[in-house]
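Chain residues, written in single-letter form:
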Number of protein chains: 2
Amino acid sequence: MKEHIKIGIIGLGKRGRMLLSIIARMHDVTIAAVCDLYEDRRIEAGKEVEKIAGNIPFSTDNYKDILAMEDIDAVIITASWSSHANIAIEAMKGGKYVGSEVGGAYSVEDCWELVKTYEQTGTPCMMLENCCYGREELMVLNMVRKGVFGEVVHCQGGYRHDLRAEVAFGKENRHYRLANYQNRNCDNYPTHALGPIAKILDINRGNRMISLVSVASKAAGLNEYILNKKGPDYYLSNYKFVQGDIVTTIIKCSHGQTITITLDTTLPRAYSRDFRVHGTKAMFMEENNSLFIDDMHNEFEFKWKEQWNNVENFRKEYEHPIWQDYKPEEDASHGGMDYLVLRAFFDSVKRQVQTPIDVYDMASWMCITPLSEQSIALGGQPVPVPDFTNGKWLNREPAPGGKYCLDRVAGE
Amino acid sequence: MKEHIKIGIIGLGKRGRMLLSIIARMHDVTIAAVCDLYEDRRIEAGKEVEKIAGNIPFSTDNYKDILAMEDIDAVIITASWSSHANIAIEAMKGGKYVGSEVGGAYSVEDCWELVKTYEQTGTPCMMLENCCYGREELMVLNMVRKGVFGEVVHCQGGYRHDLRAEVAFGKENRHYRLANYQNRNCDNYPTHALGPIAKILDINRGNRMISLVSVASKAAGLNEYILNKKGPDYYLSNYKFVQGDIVTTIIKCSHGQTITITLDTTLPRAYSRDFRVHGTKAMFMEENNSLFIDDMHNEFEFKWKEQWNNVENFRKEYEHPIWQDYKPEEDASHGGMDYLVLRAFFDSVKRQVQTPIDVYDMASWMCITPLSEQSIALGGQPVPVPDFTNGKWLNREPAPGGKYCLDRVAGE
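Residues numbered from 1 in each chain as written. Chains lettered and ligands numbered in written order. Predicted model: local features only at pLDDT ≥ 70, side-chain atom pairs only at ≥ 80, totals over all residues. Heavy atoms only, no water.

A. Representation of the interface of chain A and chain B in the model. Counting residues at the interface gives 62 residues for chain A and 62 residues for chain B. Here chain A and chain B share an interface that buries about 4,900 Å² over both sides, 55% of which is from carbon and sulfur atoms. Seen at the junction of chain A and chain B, the total is ten salt bridges. Among the ionic pairs, Lys 281 of chain B bridges to Glu 224 of chain A, the shortest N-O distance being 2.7 Å. On inspection of chain A and its partner chain B, the count reaches 24 residue pairs in polar contact (both at pLDDT 80 or more). Of all elements in the fold, only β7 (152-160), β8 (209-216), α11 (221-230), β9 (246-253), β10 (258-264), β11 (276-279) and β12 (282-285) of chain A reach the threshold of two or more residues within the side of chain A that touches chain B. With five residues, the top contributor of residues to the side of chain A that touches chain B is β7 of chain A. Looking at the side of chain A that touches chain B residue by residue, the classes come out as 21 nonpolar, 22 polar and 19 charged. (Contact = heavy atoms within 4.5 Å. Buried area = accessible area lost by both parts, 1.4 Å probe. Salt bridge = Lys/Arg side-chain N within 4 Å of Asp/Glu carboxyl O. Polar contact = N/O pair within 3.5 Å; in protein donor to acceptor, adjacent residues only side chain to side chain. Helix = DSSP H or I, 4+ residues; strand = E, 2+ residues; numbered from the N terminus. Nonpolar A, V, L, I, M, F, W, Y, C, P; charged D, E, K, R; others polar.)

B. Molecular detail of helix α2 (residues 39-53) of chain A. All names here are of chain A. In a regular helix each residue adds 1.5 Å, so 15 residues correspond to 21 Å; α2 covers 21 Å between its end C-alpha atoms and thus fits that length. Burial in α2 covers these residues: Arg 41, Arg 42, Ala 45, Gly 46, Glu 48 and Val 49. In a view along the axis of α2, the buried residues occupy a sector of 165°, so they form one face of it. In α2, the exposed positions angled more than 90 degrees off the buried face are occupied by Glu 39 and Lys 51. Close packing links the buried residues of α2 with α1 (14-23), β2 (29-35), β3 (58-60) and α8 (170-173). Of the residues one or two after α2, Gly 54 is the one with positive phi, at around 100°. (Expected span 1.5 Å × (residues − 1). Buried < 20%, exposed > 50% of the residue type's maximum accessible area, 1.4 Å probe, protein only. Arc of directions from axis to C-beta.)

C. Molecular detail of the sheet that holds strand β14 (residues 383-384) of chain B. All names here are of chain B. Across the sheet, eight strands lie side by side as β13-β12-β11-β7-β10-β9-β8-β14; this open sheet has mixed pairing. With partners counted over all chains shown, the strands left at the sheet margins are β13 (290-293) and β14, one partner each. Direction of pairing for strand β8 (residues 209-216) relative to strand β9 (residues 246-253): antiparallel, over a ladder of seven bridges. Looking at β9, one finds that Val 215 is bridged to Thr 248. Each of β7 (152-160), β11 (276-279), β12 (282-285) and β13 touches helix α6 (residues 135-145); the most contacted strand, β13, lies at about 15° to it. (Pairing = 2+ DSSP bridges. Axes fitted to C-alpha atoms, helices over the stretch in contact; angles between N-to-C directions.)

So this is what it looks like as structure tokens:
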């Protein structure tokens with residue numbers, strides 16, 4: 001058990017800075033190094049660490065410098081999507097615990113490399129999927145583990161977030177999303193939806209995803225947006241974006257469950273993860289914040305509106321222990337999920353145990369992106385999902401327990 | 001123009017009786033004949049017509065007797081799903097306007113037969129898809145036609161209705177759904193969701209559905225339900241139902257729109273058609289009864305709950321003319337949609353014009369069932385949707401106008 005750990009942060013864009021400012025406030029973690037390709041970002045980040053934590057972190061434009069630092073226990077990767085796998089692989093080889101921000105892969109091969117590197121090095125690699133620690137997601141997980149849902153049959157989720165401004169002005173903001181939307185057509189961001197669902201369905205531990213189909217709508221949202229905001233002469237106004245506005249993916253699991261995942265980021269809408277879990281005894285629906293429980297709510301079949309927001313009625317009994325203990329600040333980043341996922345990661349680093357989201361989870365969640373790209377390119381053809389555990393999912397040794405465990409609920 | 005018409009009703013189960021009791025109250029329509037295989041149903045139906053309308057209808061167990069009656073203008077088909085196409089085909093040949101209840105087809109060939117028979121006989125054949133006349137569906141259609149949604153990119157709908165009791169006790173209730181769930185795996189009931197969406201997307205009139213993929217979850221809901229209700233010795237308690245609990249289908253259209261349709265009938269839940277329409281300027285969502293309009297609601301991006309139920313704010317401006325004129329009774333069948341779809345049908349019969357839902361609509365909506373069955377059987381393989389118009393969709397002559405027209409909004 002390490003009482004205190006030192007970390008490096010690689011990638012100091014908007015997301016990196018968000019996590020940096022949370023971590024800098026943690027008394028058992030020192031941000032000993034920061035890295036970004038842009039000098040202005042490095043300078044600002046260094047100043048912030050000094051202001052909050054008092055230390056001046058080592059600063060570099062080459063992440064390999066950080067991996068070479070002997071006293072660094074772990075790295076947080078908040079660089080662009082396309083660099084996650086490479087940096088994670090090198091960090092594992094360097095013996096640094098990896099906490100990687102979310103994002104889809106660019107090839108299935110990259111996912112295999114992550115797995116193989118972990119198996120060679122034994123260095124844990126965690127995708128920092130904050131939504132796995134969302135309050136509703138954890139409460140539903142807790143209820144599923146307690147049997148409230150009966151047999152879970154179908155889950156649904158989406159990344160439904162109007163990113164038109166972020167994507168359209170990617171050049172001005174130095175944001176890598178733009179190039180993705182210009183050139184690729186896939187569910188480029190599946191893990192916020194899939195992560196919590198994969199844990200509910202025991203993916204890689206007695207169950208696995210076996211195939212998927214993916215279909216994309218046309219791309220119309222960005223052009224209309226850019227034309228309205230910038231007029232016809234702006235360089236992107238008539239650009240033929242490759243990324244469809246709505247990408248719907250259906251995943252089939254070995255035990256017959258289905259998962260529907262949607263990317264919905266270039267049309268006007270309010271934010272939602274559109275989370276649903278449906279079993280033989282109950283259903284949770286984020287869109288109206290409701291729980292339908294068989295033999296309790298059937299009388300409301302045709303007047304469900306009266307039960308909207310009824311989730312609060314179940315809070316006391318089923319709040320996940322993590323959230324029983326945690327009262328986030330009013331302005332907590334993403335409602336507190338960011339803090340929790342970081343604590344989950346650092347908890348594993350300090351205890352020197354496997355992380356609650358491991359490299360097999362990371363590989364199987366990230367691979368949905370290139371697989372959806374393939375399926376879309378093939379006109380919706382089903383494509384197989386690899387078994388990154390090479391059969392270990394049939395009979396894994398249990399994940400280490402602890403407060404942040406997502407496979408079992410602590411204390412049970 | 002016929003001031004008064006005579007009709008026959010074929011099929012006197014629950015649905016047939018529901019429509020019968022609405023029609024019997026119409027002063028310009030006489031129920032001149034009724035048909036069912038079961039004598040008790042015929043007797044009860046005859047009594048009801050006599051009680052409400054005063055006349056005693058001709059009664060038979062053979063629908064051909066009704067088709068042979070010279071003074072019958074139209075037939076309403078409310079028999080089992082598997083008989084719709086055959087009876088409709090014979091009725092068209094007999095020169096009777098066909099109003100057929102909804103249901104999926106059993107083969108694509110049956111859909112072609114409907115179309116060919118119409119083209120040979122010229123007798124209109126309408127699927128009585130009541131949801132096309134639903135209040136919200138029509139208001140959204142009106143808004144789409146007025147440009148409020150911009151370019152519509154994606155639509156979603158479902159038949160989400162807990163039918164466990166109806167299916168499980170199908171033997172006791174003489175209901176044909178049971179045999180379907182015992183033996184088939186498909187979206188067996190796509191048209192409540194698809195009908196209104198097809199009209200919004202101009203399907204068969206300048207657009208068409210070109211392919212679909214369909215994936216089914218395991219079947220777990222019915223067994224658990226039956227076991228709980230009847231114990232382990234009931235004849236169906238351990239029956240291996242073929243029908244998956246959740247069937248998700250993604251349809252791609254010629255102009256790049258996608259449609260997601262879900263069948264969800266054997267798990268606990270509240271009723272919903274899960275209707276969504278998403279365009280470049282707006283989104284409608286049934287699940288929380290909301291409309292998100294770009295440049296109006298963006299400030300609510302992360303607090304959408306405050307806008308739940310905001311559809312009422314748009315009612316005055318965008319209520320469809322059909323619903324401006326119509327105030328259903330408190331206990332109106334399916335909220336009044338049943339009355340409206342029947343009036344739409346009878347209006348066409350009286351005017352002797354094409355029906356607002358025509359045989360091409362009927363064929364293309366019904367064929368989703370066997371196509372989803374094929375796609376599921378092939379592991380989610382995309383399957384092509386036939387062009388039942390044989391190219392006429394590229395340049396159809398406009399549908400006849402009138403109050404009940406679904407292609408244009410009357411008065412514009």
